[in-house]
Amino acid sequence: SQQGEEDPQALSIQEGENATMNCSYKTSINNLQWYRQNSGRGLVHLILIRSNEREKHSGRLRVTLDTSKKSSSLLITASRAADTASYFCATDSSYKLIFGSGTRLLVRP
Amino acid sequence: GAGVSQTPSNKVTEKGKYVELRCDPISGHTALYWYRQSLGQGPEFLIYFQGTGAADDSGLPNDRFFAVRPEGSVSTLKIQRTERGDSAVYLCASSLAGPQGEQYFGPGTRLTVT
């Protein structure tokens with residue numbers, strides 16, 4: 001079963017615009033991670049935010065976490081065509097990561 | 001250094017056949033995971049190894065699925081009597097710190113059961 005649910009399911013923006021993706025989850029977590037996937041194959045880890053953190057930055061990425069609402073957001077600033085991919089949030093539960101269904105981002109040149 | 005590798009990259013098999021999917025984790029990573037991803041969905045957990053032992057196999061869908069990691073490095077996911085519903089991308093990941101740290105994913109094996 002999948003715990004995280006991303007919103008929106010698909011997002012199309014113009015190069016240079018910002019992209020915001022949201023993730024909601026159901027149970028308590030130790031941390032939440034965001035991954036990127038190109039062409040349905042291997043996932044690339046983007047950023048990890050711990051349950052006691054509220055915001056984290058990495059380059060053009062900004063992640064927020066609201067444990068009271070059980071939600072997180074991923075902001076990609078100044079998007080590029082190369083950012084086109086699927087983005088997944090993942091929460092840890094016991095020994096495994098539980099992924100959401102992902103947001104498919106299209107950045108138009 | 002080398003990342004996680006998986007072989008084969010693609011596998012087409014007939015319904016009812018047996019398949020083996022291989023994963024080579026990053027050297028030194030004691031934790032290894034298998035996930036399955038269907039089209040349009042996120043990866044779903046199958047099994048987690050810590051060293052040679054399966055610490056959590058709760059994600060294996062039924063007893064046709066089995067995985068081993070005999071020497072604590074390479075792992076093989078085995079599927080018996082394959083069904084069309086087994087068609088998916090099978091992803092392997094490894095990590096240093098266990099499930100609460102970053103997992104490094106391989107490129108996956110796309111399994112198609114005809």
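The coordinates are above.
The rules behind the values
- Residues numbered from 1 in each chain as written.
- Chains lettered and ligands numbered in written order.
- Predicted model: local features only at pLDDT ≥ 70, side-chain atom pairs only at ≥ 80, totals over all residues.
- Heavy atoms only, no water.
- Helix = DSSP H or I, 4+ residues; strand = E, 2+ residues; numbered from the N terminus.
- Rg over C-alpha atoms; globule rule 2.2 N^0.38 Å.
- Buried < 20%, exposed > 50% of the residue type's maximum accessible area, 1.4 Å probe, protein only.
- Contact = heavy atoms within 4.5 Å.
- Buried area = accessible area lost by both parts, 1.4 Å probe.
- Salt bridge = Lys/Arg side-chain N within 4 Å of Asp/Glu carboxyl O.
- Polar contact = N/O pair within 3.5 Å; in protein donor to acceptor, adjacent residues only side chain to side chain.
- Nonpolar A, V, L, I, M, F, W, Y, C, P; charged D, E, K, R; others polar.
- Disulfide = S-S within 2.5 Å.
- Pairing = 2+ DSSP bridges.
- Axes fitted to C-alpha atoms, helices over the stretch in contact; angles between N-to-C directions.

Caption draft 1: Spotlight on the overall build of chain A. Broken down by element type, chain A carries zero helices and eleven strands. Going residue by residue from the N terminus, the α and β elements of chain A occur as β-β-β-β-β-β-β-β-β-β-β. Over its C-alpha trace chain A gives a radius of gyration of 13 Å, about what one expects of a compact globule, namely 13 Å for 109 residues. Principal axes of the C-alpha set define a box for chain A whose edges measure 40 × 25 × 20 Å. Across the 109 residues of chain A, 47% fall into the buried class.

Caption draft 2: Spatial organisation of the interface of chain A and chain B. At the junction of the two partners, chain A supplies 24 residues and chain B supplies 28 residues. A combined buried area of about 1900 Å² lies between chain A and chain B, and 48% of that area is made up of carbon and sulfur atoms. For the pair chain A and chain B, the interface holds one salt bridge. A salt bridge links Asp56 of chain B to Lys96 of chain A; the shortest N-O distance between them is 3.4 Å. Run the count over chain A and chain B and you get three residue pairs in polar contact (both at pLDDT 80 or more). Going through the elements one at a time, strand S4 (31–37), strand S5 (43–50), strand S9 (85–93) and strand S10 (96–99) of chain A are the ones with two or more residues in the side of chain A that touches chain B. Of the residues that constitute the side of chain A that touches chain B, the class distribution is seven nonpolar, 13 polar and four charged.

Caption draft 3: Fine view of the state of the cysteines. Residue and element names in this part refer to chain B. The tally for this structure, following the rule as stated, stands at two disulfides over all chains. Covalent S-S linkage joins Cys23 and Cys92, the inter-sulfur distance amounting to 1.8 Å. Taking the torsion about the S-S bond as the criterion, the Cys23 to Cys92 disulfide, at about -65 degrees, is left-handed. Of the two residues, Cys23 sits in strand S3 (residues 19–24) while Cys92 sits in strand S9 (residues 88–95), which places them 69 residues apart along the sequence. Relative accessible area serves as the criterion here: at 0%, Cys92 is assigned to the buried category.

Caption draft 4: Examining the sheet that holds strand S7 (residues 61–66) of chain A more closely. Residue and element names in this part refer to chain A. Strands sit in the order S1-S3-S8-S7-S6 across an open sheet of five strands; the sheet is antiparallel. The strands lining the two open edges of the sheet, one partner per strand, are strand S1 (5–7) and strand S6 (55–58). Neighbouring strand axes in the sheet, compared pairwise and without regard to direction, differ in orientation by 20 degrees on average. Of the strand pairs in this sheet, S7 and strand S8 (residues 71–76) are connected by six bridges, and their pairing is antiparallel. Paired with Thr64 across the strands is Ser73, a residue of S8.

Caption draft 5: Structural view of the sheet that holds S3 of chain B. All names here are of chain B. A sheet is described by the order of its strands in space; here four strands give the open sequence S1-S3-S8-S7, paired in antiparallel fashion. Strands with a single pairing partner mark the edges of an open sheet, and in this sheet they are strand S1 (5–7) and strand S7 (65–68). Between one strand axis and the next, the sheet turns by 15 degrees as a mean value, whatever way the strands run. In this sheet, S3 lies alongside S1 in antiparallel orientation, the contact comprising three bridges.

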